[in-house]
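Okay, here's what each chain looks like letter by letter:
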Amino acid sequence: MISGFLRQDGRKGIRNVTVVAYLVECAHHVARRIVDKADDPDVHLIGFPGCYPNAYAKRVMEAIATHPNIGGVVLVSLGCESFDRAGVAEAVRASGRPVELLVIQEVGGTAATIAGGLAAVERVRTIAATAPRAEMAIDELVIATICGGSDGTSGITANPAVGRAFDRFVAAGATCIFEETGELVGCETIMADRAVTAELGREIEACVKKAEAYYTVMGFGSFAPGNAEGGLTTQEEKSMGAYSKSGSSPISGIIKPGDVPPTGGLFLLDVVPDGEPRFGFPNISDNAEIVELIACGAHLTLFTTGRGSVVGSAVSPVIKICANPETARHLAADMDIDAGRILEDKATLQQVGDEIYDRVVAVAAGARSVSEELGHHEFILTYKAFDPIGPACLPVRAKGVVA
């Protein structure tokens, strides 16, 4: 049974994390020292390095700070940055969570703010510990997936095994999110055919077309040298492998960072910025995408890898699924599930998919993923810009109801 942390908005979390969030790079060191000195696996560091205001960053920060896995927040500001610290603090307070704000220039500098931050963490943590618990059903889970360090085995083992698990979760009423439109180039018409409405299908095709244009203009793409070294031969091969993570369920909608799916089902997350590609909007990265998935309410993320990636995340657990049997043996201490057994005829796709399903339920019920045990709290939030989604992107407004 999953015992969730009941939040004021009715959502339930599978963790009760206290986050220390810096609101400009100038406050990063102080915030990190607070977390280091707190020395608690459930006190995580998050933050935004920029000084100039950015609506996307504020939206994602507020979504993360009020995520169901968050029990309380300590904000660390330098004092002269443009981030709306009062607005973030109010959003957290309105969500029913404890929040404290420290402004380094007002508190008295580095040492004073670290001391004050440690005291604030203790107060916030004490209040967060009183969060009520409630039984949590499978259909209340939000599960995300991403691939990183892919190789020629990824699309054969780990990715389609995640697809099998996704199909089981969607059938049970849970919410599943996949993304990486830049790695789905060539799969747009296949995905459009799976959309619950024709209008949504056209939005999916436009979404992938935007990603292709973005990569073309910026001069880089999702096909990395490490992918080629690992045996991937073409963008099409990588796209089909990435696509297989989505399973075979109907696609219920498209969301953008900070949008929480309104119902259970399968959703595509568009992570490529809108508007003209511009300097300062970086190439898509695995850790940044995990943050965006969390901002959409993901309780945990399924991370598939062939070459081997050791990252995790702050806030929401990451479950590592290794596609390559050799990598699985070499990096065994960093992986949760060895999907490479499929290549060695030691397991079937469905068996590994069922294992992933069971592991998700266990982690949701309180078991620690490997990356959690190792203390991985990676977090990246940078500048981007997005237009609001249109009505065609979310035709499913309630369970089983198509608008």
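Criteria and cut-off values
Residues numbered from 1 in each chain as written. Predicted model: local features only at pLDDT ≥ 70, side-chain atom pairs only at ≥ 80, totals over all residues. Heavy atoms only, no water. Helix = DSSP H or I, 4+ residues; strand = E, 2+ residues; numbered from the N terminus. Phe/Tyr/Trp six-rings, centres within 6.5 Å; stacked < 30°, edge-to-face > 60°. Buried < 20%, exposed > 50% of the residue type's maximum accessible area, 1.4 Å probe, protein only. Lys NZ or Arg CZ within 6 Å of the ring centre and 35° of its normal. Pairing = 2+ DSSP bridges. Contact = heavy atoms within 4.5 Å. Axes fitted to C-alpha atoms, helices over the stretch in contact; angles between N-to-C directions. Right-handed = clockwise from strand over helix to strand, strands pointing away. Core = buried A, V, L, I, M, F, W, Y, C linked by side-chain atoms within 4.5 Å. Expected span 1.5 Å × (residues − 1). Arc of directions from axis to C-beta. Parallel < 35°, antiparallel > 145°, perpendicular 65-115°, else oblique. Left-handed = near helix turned anticlockwise from the far one by under 90°.

What follows deals with the environment of Leu268. Relative to the helices and strands, Leu268 resides in strand S11 (residues 265-269). The sequence separation of Leu268 and Lys256 amounts to 12 residues, and the corresponding C-alpha distance is 8.5 Å.

A few words on the packing of aromatic side chains. The tally for this structure, following the rule as stated, stands at 5 aromatic pairs. Residues Tyr56 and Phe386 carry aromatic rings whose centres are separated by 5.7 Å and whose planes lie at 40° to one another, so their mutual orientation is tilted. Of this pair, Tyr56 sits in helix H2 (residues 55-65) while Phe386 is found in the loop between helix H14 (370-373) and strand S15 (396-398), placing the two residues 330 residues apart along the sequence. Summarising the aromatic geometry, the rings of Phe169 and Tyr357 are spaced 4.2 Å apart at their centres and angled 25° between planes, so their arrangement reads as stacked. Placement of the pair is Phe169 in helix H6 (residues 158-171) and Tyr357 in helix H13 (residues 349-364), with a sequence separation of 188 residues. What makes Phe169 buried here is its relative accessible area of 0%. Members of the aromatic cluster, each reached through a chain of ring pairs, are Phe48, Phe83 and Tyr383. The ring centre of Phe5 lies 3.8 Å from the NZ or CZ of Arg133, which sits over that ring. Cation over ring: Arg168 sits above Tyr357, and NZ or CZ is 3.7 Å from the ring centre.

Sheet architecture is open: 7 strands sit in the order S10-S11-S9-S8-S12-S13-S14, paired in parallel fashion. Of all the strands in the sheet, the pair left with one neighbour each is strand S10 (251-255) and strand S14 (337-338). Relative to S11, S10 runs parallel, the two being bridged by 4 bridges. Counterpart to Gly253 in the pairing with S11 is Phe267. Its contacts with the sheet put helix H8 (residues 198-218) on S10 and S11, and the angle it makes with S10 is roughly 45°. Lying on the sheet, H13 is in contact with strand S8 (142-147), strand S12 (300-305), strand S13 (318-322) and S14; it crosses S12 at an angle near 145°.

Here we take up the pairing of strand S4 (residues 43-47). Buried residues dominate S4, accounting for 5 of its 5 residues. Judged by which residues are buried, S4 turns out to be covered on both faces: Val43, Leu45 and Gly47 on one side and His44 and Ile46 on the other are all buried. Pairing geometry for strand S3 (residues 17-22) and S4, over 5 bridges, is parallel. Following the sheet pairing, Val20 is matched in S4 by Leu45. With helix H1 (residues 28-38) bridging S3 and its parallel neighbour S4, the resulting β-α-β unit is right-handed.

Turning next to the sheet that holds strand S1 (residues 2-6). A sheet is described by the order of its strands in space; here 3 strands give the open sequence S2-S1-S7, paired in antiparallel fashion. Every other strand in the sheet has two partners, leaving strand S2 (12-13) and strand S7 (133-136) as the edge strands with one partner each. Alignment of S1 against S7, held across 4 bridges, turns out to be antiparallel. Counted as the bridge partner of Phe5 is Arg133 from S7.

Looking at soluble globular proteins, one finds that nonpolar side chains tend to be buried together. Residues Leu141, Ile143, Leu302, Ile321, Ile356 and Val360 are the most contacted members of the largest nonpolar core, which totals 47 residues. Here this core gets 7 residues from one element, more than from any other, and that element is H6. Those residues within four positions of Ile356 in sequence are excluded, and the remaining contacts are Ala161, Val162, Ala165, Leu302, Ile321 and Ile337.

Since the α-helix turns once every 3.6 residues, residues separated by three or four places project in the same direction. Taking 1.5 Å of rise per residue, the 16 residues of H13 would be expected to cover 22 Å, and the 22 Å separating its terminal C-alpha atoms lies within 8% of that figure. Along H13, the residues classified as buried are Val352, Gly353, Ile356, Tyr357, Val360, Val363 and Ala364. The buried side chains of H13 occupy one side of the element, clustering within an arc of 150° when seen end-on. Remark: Gly366 follows H13 within two positions and exhibits a positive phi of approximately 125°.

Let's shift gears to the packing of H2 against helix H3 (residues 85-94). Two elements in contact, H2 and H3, have axes whose closest approach is 9 Å; the angle formed by their N-to-C orientations is 30°. It follows that H2 is roughly parallel to H3 by the angle criterion. Between H2 and H3 the crossing geometry is right-handed. On the side of H2, the interface is formed by Met61, Glu62 and Ala65, while H3 contributes Gly87, Val88, Ala91 and Val92.

Shape is all these values report; function is a separate question.
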